[in-house]
Amino acid sequence: MSIENTQLRCNTPIVYMGMEQGNKLYIKRDDLVPYSFGGNKARKGVLFFEEIEKGGYDCVVTYGSSHSNHCRIISNMAAARGLPCFIIGPSEVADSTFNSKFMKLFGADIKTVPINEVHDTIKEKIEELRNIGKKPFFIPGGGHGNIGTEAYVRCYEEIREYEMQMGVKFSYIFFASGTGTTQAGLICGQIKNHDDRQIVGISIARKNPRGRNIVIDSIKEYMPGISDDEIQKNTLFVDNYIGDGYGAECKEIREVIKDAMIRFGLPLDSTYTGKAFLGMKKYIDKERISGSHVLFIHTGGTPLFFDDFRKM
Ligand SMILES: *Cc1c(COP(=O)(O)O)cnc(C)c1O
């Protein structure tokens, strides 16, 4: 029996938050995907584990730091099925967090190496497992790849369904963009449906052109044959609000996190959703967007909110 099958359609709520900066602000609560504090990694993880079950794999190998929401989710889903989970992480980011405590709780086998050795270490681990007769399934960091993209094509369909039911149309969709799979999925959904709107990924780390090109590669991988024009036109990857994690920007993000908690009861974090929420606000100001329906996708990471909260 698999509980996950019943969660296939995550169908997270979309909540109206009121007028903000002259627009009607809505939030899609993907942090409420009903598994292990939710988030986009849970939405993707469900589909990865369908592959794992179909293919009869008997262990999982993945990548991520001690802050990784992805590794929390994957190690939870593996533990629930009794599958060993091997995590390779960078020794540069290995401090104790709520996510890393969860990985330990789920019995993940965590190995940290300097970041430049990660690639080879993953290869060696997979070979080592095969050599002892295991059948490992490798999940790319952050749930990157077509399976992860598919998860957000489905999310896009949920957004369309909401629009049809409620008679609204979101002119803008904002969210935190990292490895780009979430954004690629949303854009593939948009292209499939020929929808006219702006899907704005707020980069949390990567600069352009690299960050945007990774989104574009994911779109091409999922929808081979789609015209380059169409992809170029639809891919908005904003890298102005990354910050360096220190100083004035850090303070600004902290203020946004406090404000969102006080006014909306909404937990944001300083790595992903807080940065994206602040980036969205600045983008709306800068582009003078008003009178629109704006959707923010809360991509999860509640344990990271508590890491931040402890330091506030
Ligand atoms: C991983 C993550 C993202 C970025 O998603 P990508 O699909 O990698 O772009 C955004 N928000 C949260 C909370 C995440 O954990």
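Residues numbered from 1 in each chain as written. Predicted model: local features only at pLDDT ≥ 70, side-chain atom pairs only at ≥ 80, totals over all residues. Heavy atoms only, no water.

(A) Main features of helix 5 (residues 146-166). Along its 21 residues, helix 5 runs 30 Å from first to last C-alpha, staying within 8% of the 30 Å computed at 1.5 Å per residue. Along helix 5, the positions that sit buried rather than exposed are Gly-148, Thr-149, Ala-151, Tyr-152, Val-153, Cys-155, Tyr-156, Glu-158, Ile-159, Tyr-162 and Glu-163. (Helix = DSSP H or I, 4+ residues; strand = E, 2+ residues; numbered from the N terminus. Expected span 1.5 Å × (residues − 1). Buried < 20%, exposed > 50% of the residue type's maximum accessible area, 1.4 Å probe, protein only.)

(B) Molecular detail of the side chain of Thr-121. With respect to the helices and strands, Thr-121 occurs in helix 4 (residues 118-131). Setting aside residues up to four positions removed in sequence, Thr-121 forms contacts with Ile-88, Lys-111 and Val-113. (Contact = heavy atoms within 4.5 Å.)

(C) Layout of the packing of aromatic side chains. Applying the stated criterion across every chain, the model contains 13 aromatic pairs. Measuring from centroid to centroid gives 5.0 Å for Phe-277 and Phe-296, while their planes differ by 90 degrees, and the two rings are edge-to-face. One end of the pair, Phe-277, is in helix 10 (residues 273-286); the other, Phe-296, is in strand 10 (residues 293-298), and 19 residues separate them in sequence. Each of the two residues, Phe-277 as well as Phe-296, counts as buried. (Phe/Tyr/Trp six-rings, centres within 6.5 Å; stacked < 30°, edge-to-face > 60°.)

(D) The sheet that holds strand 2 (residues 23-29), seen in detail. Read from one edge to the other, the open sheet built from six strands follows the order 1-2-10-7-8-9, with strand pairing classed as mixed. Both outer strands of the open sheet, strand 1 (14-20) and strand 9 (236-238), are each paired with one neighbouring strand and no more. The sheet shows a mean angle of 25 degrees between the axes of neighbouring strands, direction not considered. Where strand 8 (residues 198-203) meets strand 9, three bridges bridge the pair, whose relative direction is parallel. By the bridge assignment for strand 9, Ile-202 is matched with Val-238. With respect to the sheet, helix 5 is in contact with strand 1, strand 2, strand 7 (172-177), strand 8 and strand 10, its orientation differing from that of strand 2 by roughly 135 degrees. Relative to strand 10, helix 10 is tilted by about 165 degrees, and along the sheet it contacts strand 1, strand 2, strand 7, strand 8, strand 9 and strand 10. (Pairing = 2+ DSSP bridges. Axes fitted to C-alpha atoms, helices over the stretch in contact; angles between N-to-C directions.)

(E) Examining the environment of Ser-203 more closely. As for its placement among the helices and strands, Ser-203 is situated in strand 8. Judged by its relative accessible area of 0%, Ser-203 falls in the buried class. Spatially, the C-alpha atoms of Ser-203 and Glu-92 are 21 Å apart, while their sequence positions differ by 111 residues. Non-local contacts of Ser-203, meaning those with residues more than four positions away in its chain, are made with Ser-177, Phe-237, Val-238, Asp-239, Tyr-241 and Ile-242. Polar contacts involving the side chain of Ser-203 include one to the main-chain amide nitrogen of Ala-205, which spans 3.3 Å. From its side chain, Ser-203 meets the backbone oxygen of Arg-206 in a polar contact 2.6 Å long. (Polar contact = N/O pair within 3.5 Å; in protein donor to acceptor, adjacent residues only side chain to side chain.)

(F) How the structure looks around the nonpolar core. Within the largest apolar cluster, 29 residues are counted, with the highest numbers of intra-cluster contacts made by Ile-159, Phe-170, Ile-173, Leu-186, Ile-219 and Leu-295. When contributions to this core are tallied by element, the ones reaching two or more residues are helix 5, strand 7, helix 6 (181-193), helix 7 (210-222) and strand 10. Sort the elements by how many residues they give to this core and helix 5 lands first, with seven residues. Counting residues in hydrophobic clusters, the runner-up holds 28 residues, among them Val-200, Ile-204, Val-238 and Tyr-283. (Core = buried A, V, L, I, M, F, W, Y, C linked by side-chain atoms within 4.5 Å.)

(G) Seen up close, the pattern of salt bridges. Counted according to the given criterion, the structure contains 17 salt bridges. For Lys-28, the salt bridge goes to Glu-158, with nearest N and O atoms at 2.8 Å. With Lys-28 in strand 2 and Glu-158 in helix 5, this pair connects stretches of sequence that are 130 residues apart. On the accessibility criterion, Lys-28 (1% relative accessible area) is buried. What emerges from the salt-bridge pattern is a single network uniting Lys-28, Asp-30, Arg-43 and Glu-158. (Salt bridge = Lys/Arg side-chain N within 4 Å of Asp/Glu carboxyl O.)

(H) Expanded view of unusual backbone geometry. At the junction of Asn-208 and Pro-209, the peptide bond is cis and its omega measures out at 5 degrees in the coordinates. Counting through the fold element by element, Pro-209 comes out in the loop between strand 8 and helix 7. Although it is not a glycine, Asn-11 sits at a positive phi angle of roughly 45 degrees. As for its placement among the helices and strands, Asn-11 is situated in the segment before strand 1. Taking the relative accessible area as the measure of exposure, Asn-11 reaches 42% and is therefore partly exposed. Unlike most non-glycine residues, Ser-36 shows phi in positive territory, near 50 degrees. By the element assignment, Ser-36 lies in the loop between strand 2 and helix 1 (40-54).

(I) Highlighting the site of the ligand. Neighbouring the ligand are 15 residues; Lys-41, Gly-178, Thr-179, Thr-182 and Thr-299 lie closest to it. With respect to the ligand, the side chain of Lys-41 contributes an N or O atom lying 2.8 Å from an oxygen atom. Between the ligand and Asn-69 there is a distance of 2.7 Å, counted from an oxygen atom to a side-chain nitrogen or oxygen. Coverage of the ligand by the protein amounts to 98% of the 380 Å² it exposes when considered alone. Only helix 1, strand 7 and helix 6 provide two or more residues apiece to the shell around the ligand. (Near = heavy atom within 4 Å. Areas by Shrake-Rupley, 256 points an atom, 1.4 Å probe, with all protein chains shown as cover.)

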